[in-house]
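So you can see what is in the structure, the chains are spelled out below.
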Amino acid sequence: MPSASRYSSYTGLRPEIFRSIGRDRRSVLDVGCANGALGEAVKQRQGARVTGVEYDEQLAREATERLDRVITGDLNQLPEILAELDGPYDCMVFADVLEHIEDPWSCLTAFTEHLAPHGEVIVSLPNVGHLSTLTAVFLRRTWPRRDRGLHDSTHLRWFARNDVSALLAQASLRPVSWKRSPRFVDAPVAWNKLALLVGWVPGLRDLLTYQFVVVARPEAAGRAAVVHPG
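Residues numbered from 1 in each chain as written. Predicted model: local features only at pLDDT ≥ 70, side-chain atom pairs only at ≥ 80, totals over all residues. Heavy atoms only, no water.

Asks: For the packing of aromatic side chains, give the residues involved together with the corresponding values.
Replies: In this description, a pair of aromatic rings is defined by centroid distance and the angle of the planes. Tallied over the entire structure, the rule returns 4 aromatic pairs. Here Trp105 and Phe159 contribute two aromatic rings whose centre-to-centre distance is 6.0 Å and whose plane-to-plane angle is 45°, an arrangement assigned as tilted. In this pair, Trp105 sits in helix 6 (residues 104–112) while Phe159 sits in the loop between helix 7 (131–139) and helix 8 (161–170), placing the two residues 54 residues apart along the sequence. We classify Phe159 as buried; its relative accessible area is 1%. With centroids separated by 5.1 Å and ring planes inclined at 75°, the aromatic side chains of Trp143 and Trp158 adopt a geometry described as edge-to-face. Of this pair, Trp143 sits in the loop between helix 7 and helix 8 while Trp158 is found in the loop between helix 7 and helix 8, placing the two residues 15 residues apart along the sequence. Residue classification places Trp143 among the partly exposed residues on the basis of a relative accessible area of 31%. With relative accessibility at 29%, the residue Trp158 sits in the partly exposed group. In this structure, Arg45 packs its charged tip against the face of Phe18, placed 4.1 Å from the ring centre. (Phe/Tyr/Trp six-rings, centres within 6.5 Å; stacked < 30°, edge-to-face > 60°. Helix = DSSP H or I, 4+ residues; strand = E, 2+ residues; numbered from the N terminus. Buried < 20%, exposed > 50% of the residue type's maximum accessible area, 1.4 Å probe, protein only. Lys NZ or Arg CZ within 6 Å of the ring centre and 35° of its normal.)

Shown next as structure tokens:
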């Protein structure tokens, strides 16, 4: 079971992810579903069938009370999970999960083989290019390690903006929407709201982006122009 602070980070609705899931999606796979709060909200809003994948057994048990089906397993042991999928799915969600596994590139590619031709993939990743990384490394001369958030000590992989683009490209996914969550620090302080006002400035965008949320579709799904991060 995650620590109390990690539990609060992993559970809950995640409004920025919830808003990114199309209301027309009917078969959703939530990879790293935690206690199933997000999937439950999707089911209630649009009647979708939601399948979850979760590593933590206690969270998986909670999710079974909310979702249609839950697969319990380790994403580092991918064949065992893939064998249990019953897609195709028209929406897949990877909300702050890929940075926790050994090979997120192969993982994302393998899952997209179970994506419907016109399906969507929603990927949320923390931005290691955030200002807090630079201040820790270049001013304090240390790599920040925290119990939660951007510098969660359980992260195995790190992604800045171009890394997110490359991750999607190697899985043959085309971004159709980029969203940024700007903030100065990982704390509920009032002056984080100022990041919303200045985060659009070109030189500051990546430094103040705490998290990227990207909606992507298979390369073969139409000819819509690729959307680049603004």
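Asks: Go over the layout of surface pockets, please, and point to the residues and values.
Replies: Put simply, the second largest pocket is a space of about 280 Å³. In this structure, the second largest pocket is lined by 16 residues; those nearest its centre are Ser132, Arg146, His151, Val185 and Asp186. The element best represented in the lining of the second largest pocket is helix 7, accounting for 4 residues. Tallied by class, the residues present in the lining of the second largest pocket amount to 7 nonpolar, 5 polar and 4 charged. (1 Å grid on protein atoms, 1.4 Å probe; cavity = no way out; pocket = protein on both sides within 12 Å on 5 of 7 lines; lining within 4 Å. Points joined across faces, edges and corners; volume = space filled by probe spheres on them. Nonpolar A, V, L, I, M, F, W, Y, C, P; charged D, E, K, R; others polar.)

Asks: Please provide a residue-by-residue account of the nonpolar core, values included.
Replies: By size, the foremost hydrophobic cluster in this structure holds 32 residues, and its most contacted members are Leu75, Phe94, Leu98 and Phe111. Mapped onto this core, the elements with two or more residues apiece are strand 1 (27–31), helix 5 (78–82), strand 4 (89–95), helix 6, strand 5 (115–126), helix 8, strand 6 (173–182) and strand 7 (209–218). Those residues in contact with Phe111, other than ones at most four positions away along the chain, are Leu29, Val31, Leu75, Leu78, Ile81, Leu82, Leu85, Met92 and Phe94. Grouped together as the second largest cluster of nonpolar side chains are 20 residues, Cys33, Leu67, Ala95 and Ile122 included. (Core = buried A, V, L, I, M, F, W, Y, C linked by side-chain atoms within 4.5 Å. Contact = heavy atoms within 4.5 Å.)

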